[in-house]
Every structure is written in structure tokens, then in C-alpha cells.
Number of protein chains: 2
Amino acid sequence: MNQWENNIRKVTPYVPGEQPQENDIIKLNTNENPYPPSPKVYERHRTMEVDRFSLYPDPSASELVEKLEEYYGLEKGQVFVGVGSDDVLSLAFLTFFNSKKPILFPDVTYSFYPVWAEVYRIPYECPPLDENFRIIPKDYERENGGVVIANPNAPTSLGMSISEIEKILLANQDVIVIIDEAYVDFGGETVLPLLDRFENLLIVRTYSKSRSMAGMRIGFAMGNKRLIQAMTDVKESINSYTMTMESICLGAASLEDEEYFQNNLRKIIDTRAYTEKELEKRGFFVLNSQTNFLFARHREMSGQFLFEELRKRKIFVRHFQTERIREYLRITIGTKEQMEKMLAALDEIMCESC
Amino acid sequence: MNQWENNIRKVTPYVPGEQPQENDIIKLNTNENPYPPSPKVYERHRTMEVDRFSLYPDPSASELVEKLEEYYGLEKGQVFVGVGSDDVLSLAFLTFFNSKKPILFPDVTYSFYPVWAEVYRIPYECPPLDENFRIIPKDYERENGGVVIANPNAPTSLGMSISEIEKILLANQDVIVIIDEAYVDFGGETVLPLLDRFENLLIVRTYSKSRSMAGMRIGFAMGNKRLIQAMTDVKESINSYTMTMESICLGAASLEDEEYFQNNLRKIIDTRAYTEKELEKRGFFVLNSQTNFLFARHREMSGQFLFEELRKRKIFVRHFQTERIREYLRITIGTKEQMEKMLAALDEIMCESC
């Protein structure tokens, strides 16, 4: 081994869902939105001044930030934007978790949390979910260096009520509590109403799910001005210009069409209810989702087997090798047509194997 | 102070050049390219499938990476792309500089280097440039945890020869040596020919200067596969999807038009020669630039005064408060017309004050 190899940072990278480049697949593995971005996004894209790409973008992404502050009824200085919510979350870890005490997040949750903790050398502990995959608020009452809760949680799809999260906040006023609301638009309960009361609360959101814009990499955080300023300072110590001109403009445009947005959410929620019932008919146990995916296991067939059989039929769902959830599939809610094809494939698989 | 404030990461952020949003200014302060992106970029932008923005981008940005590997005659696995060269450089610092020995870079150089060192807690030392603002290769022969050289250097505009850098590489085979070639296309000497011989060499480039695409945030690194893999692993531990769909596609398209690219470079180099002469006629001492900017001081008038007077006339140049370079202005090469206006403004200022 060369001498310089000793000083390479040791990491165990996050493994994202596959992004197969073929066009004839049904992609239900990374919780993307089956509907295209808002017509306002198309319009703004068409009228972008490509000439201006030779200039640096606005480093504070004001157009997008101000639109978000207005949309959520916040004051100036309460929103931070980044390159997807992963960028925002990893920066929040780096900014806020600098104590020697462990941060806390559940054993079954977004699998990027332990990766960020490792890369930034943040100690962490993972209180286990209960046997129904519910977070136990009491577990977050011990001394810690910070708390991170995905609500609704992934990959379980289950949400907590605002009053349960309030309990966690009340017990943790000396550390930053991050609530990752990536999926909240699909029927979860947001903690936005608590923002005024808890100055240590940071809410993180993404454009990748409900806003159909995963390809443009937009995420944001909402919190009190002191938190947002601290994140901005750290961001300005890493990369002044993170958001492309296009992401700033298209992200702002997406907020101008509430009807289109709500309509898409409704369609996904309806398709979710339909799919849940159909899966249950076929012998699946399905958790009560508040997200744009279902977390389900078959009562007789193994998760690995179903995952592989679906894959052979060019239907991609997500399967985790982690012990507690090995029998489950995480199935993104696509269009009704996509779900019907997925169900037909399951029928075929089950018919063949019985 | 609240308890949680104690655990906020302490930083001194980098201060980028102003990005005034008015349209009637002459912006010569952030080394942007005065010419628009390639016609191929316009064409690709016009035909982007906005529908696909609902999907995540290719996490390995293969289209862009493969085009770059081909363009530079490299093998598969030798290119890493990021959100501007700042993203690439900061990630390289985090990936490679994990020893207790100080990394080395000059006292007068890109002012983001010490900021990254601070944010990631990397010890560093800054050998001073000589009295002519030249790097002294011998200063980099002491024990260290890594070396970072901007070549050509900023804000001095001066380049080193490949043989001088080779000396530094020969003396530093146990650490990673980063050569930041942000400005090399404007007449510098690239160390690309040394890539085969030095497996610890990482070359970093950007689309923000020579490729007129600062607004799309594209930077890249070239190195041996082991280095690129290490950076990829760390990147995958922070954010799987950093490059927007649009940046990947437009970045690839930009490489398809060599003639347009070379033609722009030639125009900028010609305008630089013209501007240098004109500044000298007006009593400036101008360093021998190999970049798209000039670093110059007036023999009688102070840098601060000239900076402010130009600013009053809506001409933005860059001025640093750092001791050694306080009398200098860093002036981006714009179009010939812009430079003529800048020179006319200088004539006015000098006339008024004499």
C-alpha cells in the first residue's frame, strides 16, 4: 500500500436504489413521482436565458428561498436550500452535531443517517422501533447530542402525530432536533406549527418526491434564523454556489401551481389505497402508509424471492438486506396502470410458485 | 446562549465576489466568461425532456464523465465530477487530507483553501510566495500532509511550468498533490502529461471559466482510478445525486464544439494582451497573466481607491484586503468593449484626481 492511501478517509457509502437506464422498465424503487413537474416548470424551462449560464448563480438562491418562505408563511431568513435534501441533511449533521454525546435516530430509518454520522465522525445510537415499527418517544429522553426523526419514517411508511413529536422536542431542548419531512405531503402531519415554539427544531423537505423534481436536486430546511444562518455559514465554507441557475428558477416556478400539486398528491394517495387493498387480497401484510410508497411483506413468500422475480419482469422495487426488514418490499406508488402491471406480475409469480 | 449553540461548528466562511443583480453593470469581479455557452449547449437545453426531471439523475453522471474521459484521452474511472470545482476541491480535502501533518499551499492563492482546511479541521501551513509572487518549489520539500497548488495561481495570474511542478511531485510522493487548473485553458501549462507517472496527482478543473457555464455548476477532477474511487466513495457518503440532469447533459454537450471553445479562448487572450498594454500606458504594473484576469497595481494610486471609484461607475473588479496584495486589483477579462469602458473609467478617475 502506498503511504498516501493511509490518509484516505475510510467510509462505507450509502447504496442508493438502482437507476437502470433502460426505458421499458417499471421503476418503483426510489420513490420518484410518476407525474411530471408542474406546467409552470416547463414554461420556465422554455424561457430560461441560456446566455446567463456564463455567470455564477445567485449564491443565496434568493428567488427560490423567498418563494419558499412565502409559501410556508415564514419570515425572511428561515429557509435554507441545497442540492436535494441529502445535501441539506448532511450539512445539518456537519453544522449541528459537534458534541461528544451520541446523536439518536431509530434502528430502522433512512439508511443515510448512519453514513453521515460515520463520514463526519459523529457518535450515534439507534433506539429500536417497537414490534409494530413505531418510534417509542420515551427512547429519546436520554442524554444525547441531537435527534433525527424521519416523519413519516422510511422505509416503514409510518407517521407520528405532532403531539408525539412535541414530546420528543420537550425532552430535547438543549440539542438540535431534525425532523425529516421528505414524505409529509402524502398524508403525514407536519411539525411546521411547532417552529415558533422550538428554536432548536429543523424541518427538512425535498422536491424529489411530492414535487416531481428529483432530477433537479432541490431540498430545503426550515427553522429559526439562527439555525439557518449557522447552516449558511458552513455551506459558505464548502461551496458558495451549490444551486444551479436552472434549479433556482424551476424550483421557484414549481410553487406557483398549487392546484396541479394538490391534484397529483390526491392521485397518488388514491392509487396507494387501491394498491394496498389489492396487495392485502394477495396475502400481503401492508403497513398503513402516509408516504408515496408501501412497505409490505407477503405472509408466505420471502422478500428476496419476490424482489428478484419482479426484477426479472422488469419491475424494480426496493428490498433491504437488513435483518428486521428482510421480508419486506418497499414499493413506490406509480400510476394506477403501473400498479396494475405490478399486481399482475405478482399474480404470475404466485401462480407459478404454487 | 442556548446549550445547542455550543455544538454549532465554528467557521469563517469564504467571501465570494459580489453578485449584483442589476443589469447595467460591467461585471469584472468573479472571472466569468464574457461569451455565452456553446451553441451545442443551447440546442441540448432546448431539447431537454422536462418530463424526466421527475426521476433521479444518473448518480454517476456517466454521460458527462465518459465524454470528459474521451476528451482528455483518459481511461474509464479517471474522472470525477462535482457541483463546480469548489465542490470537487472541498471533497478532495475531506477525502485525502486526514493526516496530522499540515498540508501546504502558498500564502497568496485561492482563498478557499484555508477555509476548507478550517471547516474539516485539517492543519495547514502557507509558504510565502517570493517577492515577485512566484511559488518557490523548494518550500514544498518539507514533511507535510498534502500539497495544493493553483496553476496558474489566483489571484496572481502567474503560471508555473510543468517541470517546476514535477519537482514538487518528485518531492511529495507519499501525499496527495492537488493541482487546481481552473484557469489553465487561458494559456497555462497543464500537468496532464504527468498523470501516468504520478499516481498521487489530482488535477481539478472547472466549467465556470473557459466553458462559460458558471451558472450550471460543473467541476471535475482527473487522477488515477484509486483516487477517483476514493472521492466517489466519500461523495456517496454525503450525497448520491449531486449533479442535476441538466448539468450532466449540458456539460456533455459543451465538449462537442472544439472550434467554438478555442475561438473564445483566443478572443479572451487577445483582449488580455490589449488590456495589459493599455493598463501599462496608464501607469499600472501588471503581472504576466496566464488566466482570464489581470492582477495589477497602479504605481501611484491605491487599490482601495481605484476599486471604489470604479464601483461608483458600476464597474465591479475584485479587491482583496489581505496585506501583501492590498494595492492590487484583480480584473476579469471581459469583451473588448467592456475593457474599453473600464479603461475610459480609469482615465476619468485619474483625470479627476490629478
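Look above for the structure.
Residues numbered from 1 in each chain as written. Chains lettered and ligands numbered in written order. Predicted model: local features only at pLDDT ≥ 70, side-chain atom pairs only at ≥ 80, totals over all residues. Heavy atoms only, no water.

> Help me understand empty space enclosed by the protein, please; the structure alone is not making it clear to me.
If a probe as big as a water molecule is rolled over the atoms, it shows which places are left empty. On inspection of all chains with the given rule, the structure shows 8 cavities of 30 Å³ or more. Within this model, the largest cavity holds a volume of roughly 330 Å³. Surrounding the largest cavity, 23 residues form its lining, A:Asp87, A:Ser90, A:Ile238, B:Asp87 and B:Ile238 being those nearest its centre. Elements that contribute at least two residues to the lining of the largest cavity include exactly strand E2 (79-82) and helix H3 (84-96) of chain A together with helix H3 (84-96) of chain B. When the residues that make up the lining of the largest cavity are grouped by side-chain class, the tally is 12 nonpolar, 7 polar and 4 charged. (1 Å grid on protein atoms, 1.4 Å probe; cavity = no way out; pocket = protein on both sides within 12 Å on 5 of 7 lines; lining within 4 Å. Points joined across faces, edges and corners; volume = space filled by probe spheres on them. Helix = DSSP H or I, 4+ residues; strand = E, 2+ residues; numbered from the N terminus. Nonpolar A, V, L, I, M, F, W, Y, C, P; charged D, E, K, R; others polar.)

> What is the right way to look at the packing of aromatic side chains in this model?
Think of a pair of aromatic rings as described by two things: how far the centres are apart, and how the planes are tilted against each other in angle. All names here are of chain B. According to the stated counting rule, one finds 40 aromatic pairs over all chains in the structure shown. Taking the centre distance of 4.4 Å and the plane angle of 10 degrees together, the rings of Phe112 and Trp116 count as stacked. Taken as a pair, Phe112 and Trp116 lie in helix H4 (residues 112-119) at a separation of 4 residues, close to a single helical turn. Accessibility assignment for this pair places Phe112 and Trp116 in one class, buried. On the basis of an interplanar angle of 80 degrees and a centroid distance of 5.3 Å, the ring pair of Phe133 and Tyr328 is categorised as edge-to-face. (Phe/Tyr/Trp six-rings, centres within 6.5 Å; stacked < 30°, edge-to-face > 60°. Buried < 20%, exposed > 50% of the residue type's maximum accessible area, 1.4 Å probe, protein only.)

> Is there a simple way to explain the relation of the copies chain B and chain A in this structure?
Each of the two chain copies can be generated from the other by rotation about an axis followed by a shift along it. Mapping chain B onto chain A calls for a rotation angle of 180 degrees and an axial translation of 0.0 Å; the resulting RMSD is 0.0 Å. In the structure described here, the two chain copies are related by an operation that fits a two-fold rotation axis. By C-alpha distance to the rotation axis, the residue of chain B lying nearest is B:Arg46, at 3.5 Å. Same-surface contact between copies: 100% of interface residues of chain B are shared with the interface of chain A. (Least-squares fit on C-alpha atoms with pLDDT ≥ 70 in both. Contact = heavy atoms within 4.5 Å.)

> Would you take a moment to explain the pattern of salt bridges for this structure?
Side chains bearing opposite charge may pair, as long as their charged atoms lie close to each other. All chains considered together, the criterion is met by 44 salt bridges over all chains. For A:Arg324, the salt bridge is made with A:Asp107, and the minimal N-O distance between the two is 2.9 Å. Of the two residues, A:Arg324 sits in the loop between strand E11 (315-317) and strand E12 (328-332) while A:Asp107 sits in the loop between strand E3 (103-104) and helix H4 (112-119), which places them 217 residues apart along the sequence. With relative accessibility at 34%, the residue A:Arg324 sits in the partly exposed group. Residue A:Asp107 is classed as partly exposed on the basis of its relative accessible area of 30%. For B:Asp185, the salt bridge is made with B:Arg205, and the minimal N-O distance between the two is 3.7 Å. With B:Asp185 in the loop between strand E6 (177-180) and strand E7 (201-206) and B:Arg205 in strand E7, the pair connects residues that are 20 residues apart, well separated along the chain. Of the residues examined, B:Asp185 reaches a relative accessible area of 24% and is grouped as partly exposed. For B:Arg205, a relative accessible area of 4% gives the class buried. (Salt bridge = Lys/Arg side-chain N within 4 Å of Asp/Glu carboxyl O.)

> What is the right way to read the pairing of strand E10 (residues 293-298) of chain B from this model?
For a regular strand, the rule is simple: side chains alternate between the two faces of the sheet. Residues and elements named next belong to chain B. Burial analysis of E10 places 5 of its 6 residues in the buried class, which makes it a mostly covered element. With 3 bridges joining them, strand E9 (residues 284-286) and E10 adopt antiparallel strand pairing. Directly across from Phe285, in E10, lies its bridge partner Arg297. Counting the residues in the hairpin turn of E9 and E10 gives 6 residues. Sheet topology places E10 next to strand E12 (residues 328-332); 5 bridges connect them, and they run antiparallel. Residue pairing for E12: Phe295 is matched across the bridge by Arg330. (Pairing = 2+ DSSP bridges.)

> What am I meant to see in the side chain of A:Lys209 here?
Looking at the element boundaries, A:Lys209 is found in the loop between strand E7 (201-206) and strand E8 (219-222). In this structure A:Lys209 is buried but unpaired, with A:Glu32 as the nearest side chain of opposite charge at 7.3 Å. For A:Lys209, the side chain forms a polar contact with the side chain of B:Tyr56, separated by 2.7 Å. What A:Lys209 contacts, discounting residues up to four positions off in sequence, is A:Thr30, A:Asn31, A:Asn33, A:Ala182, A:Tyr183, A:Phe186, A:Asn292 and B:Tyr56. (Lys, Arg positive; Asp, Glu negative; His and termini not counted. Polar contact = N/O pair within 3.5 Å; in protein donor to acceptor, adjacent residues only side chain to side chain.)

> Honestly, the interface of chain B and chain A in this entry has me stumped. Any pointers?
The parts lose accessible area when they come together, and the size of an interface is often stated as this lost area. At the interface, 84 residues of chain B touch 84 residues of chain A. Between chain B and chain A lies a buried interface of about 6,800 Å² when both sides are counted; carbon and sulfur atoms form 58% of it. Ranking the residues of chain B by area buried against chain A places B:Trp4, B:Asn7 and B:Tyr56 at the top, with a combined share of 12%. Linking chain B with chain A are 2 salt bridges, by the criterion used here. The closest approach of N and O atoms between A:Glu5 and B:Arg226, which form a salt bridge, is 2.6 Å. Where chain B meets chain A, there are 41 residue pairs in polar contact (both at pLDDT 80 or more). Residue assignment for the side of chain B that touches chain A shows that the elements contributing at least two residues are helix H1 (39-46), H3, H4, helix H6 (225-235) and helix H7 (245-254) of chain B. (Buried area = accessible area lost by both parts, 1.4 Å probe.)

> What's the story with the pairing of strand E2 (residues 79-82) of chain B in this structure? I'm lost.
All names here are of chain B. Both faces of E2 are covered, namely the face carrying Val79 and Val81 and the face carrying Phe80 and Gly82. Bridge analysis of E2 against strand E8 (residues 219-222) gives 4 bridges, and the strand direction is antiparallel. In the strand pairing of E8, Val81 is matched with Phe220.

> Even after reading the chapter, I still don't get the sheet that holds E8(A), so can you show me in this structure?
Residues and elements named next belong to chain A. A sheet is described by the order of its strands in space; here 7 strands give the open sequence E2-E8-E7-E6-E5-E3-E4, paired in mixed fashion. The sheet is open, and its two borders are formed by E2 and strand E4 (124-125), each paired with just one other strand. When E3 meets strand E5 (residues 146-150), the two strands line up parallel, connected through 2 bridges. Bridged to Leu104 within E5 is Val147. Contacts from helix H6 (residues 225-235) reach E2, E7 and E8, with the element oriented near 30 degrees to E2. (Axes fitted to C-alpha atoms, helices over the stretch in contact; angles between N-to-C directions.)

> Explain the environment of A:Met301 here, please?
Residue and element names in this part refer to chain A. Looking at the secondary structure, you find Met301 in the loop between strand E10 (293-298) and helix H9 (303-312). The class for Met301 is buried, based on a relative accessible area of 15%. It is 8.2 Å that separates the C-alpha atoms of Met301 and Glu327, two residues lying 26 residues apart in sequence. The residues touching Met301, leaving out its near neighbours within four places in the chain, are Leu306, Glu327, Ile349, Met350 and Ser353.

> Could you clarify how one ought to interpret the environment of A:Val119 in this entry?
By secondary structure assignment, the location of A:Val119 is in helix H4. The spatial distance from the C-alpha of A:Val119 to the C-alpha of A:Arg9 is 7.9 Å, given a sequence separation of 110 residues. In this structure A:Val119 touches A:Arg9, A:Val11, B:Val234, B:Ser237 and B:Ile238, once residues within four positions along its chain are discounted.

> Would you mind going over H7(B) with me for this structure?
Structural remark: α-helix, 3.6 residues per turn; residues separated by three or four positions point the same way. Counting buried positions over the 10 residues of H7(B) gives 10, a clear majority of the element. At its buried positions, H7(B) is contacted by helix H1 (39-46) and helix H7 (245-254) of chain A together with H1 and helix H2 (62-71) of chain B.

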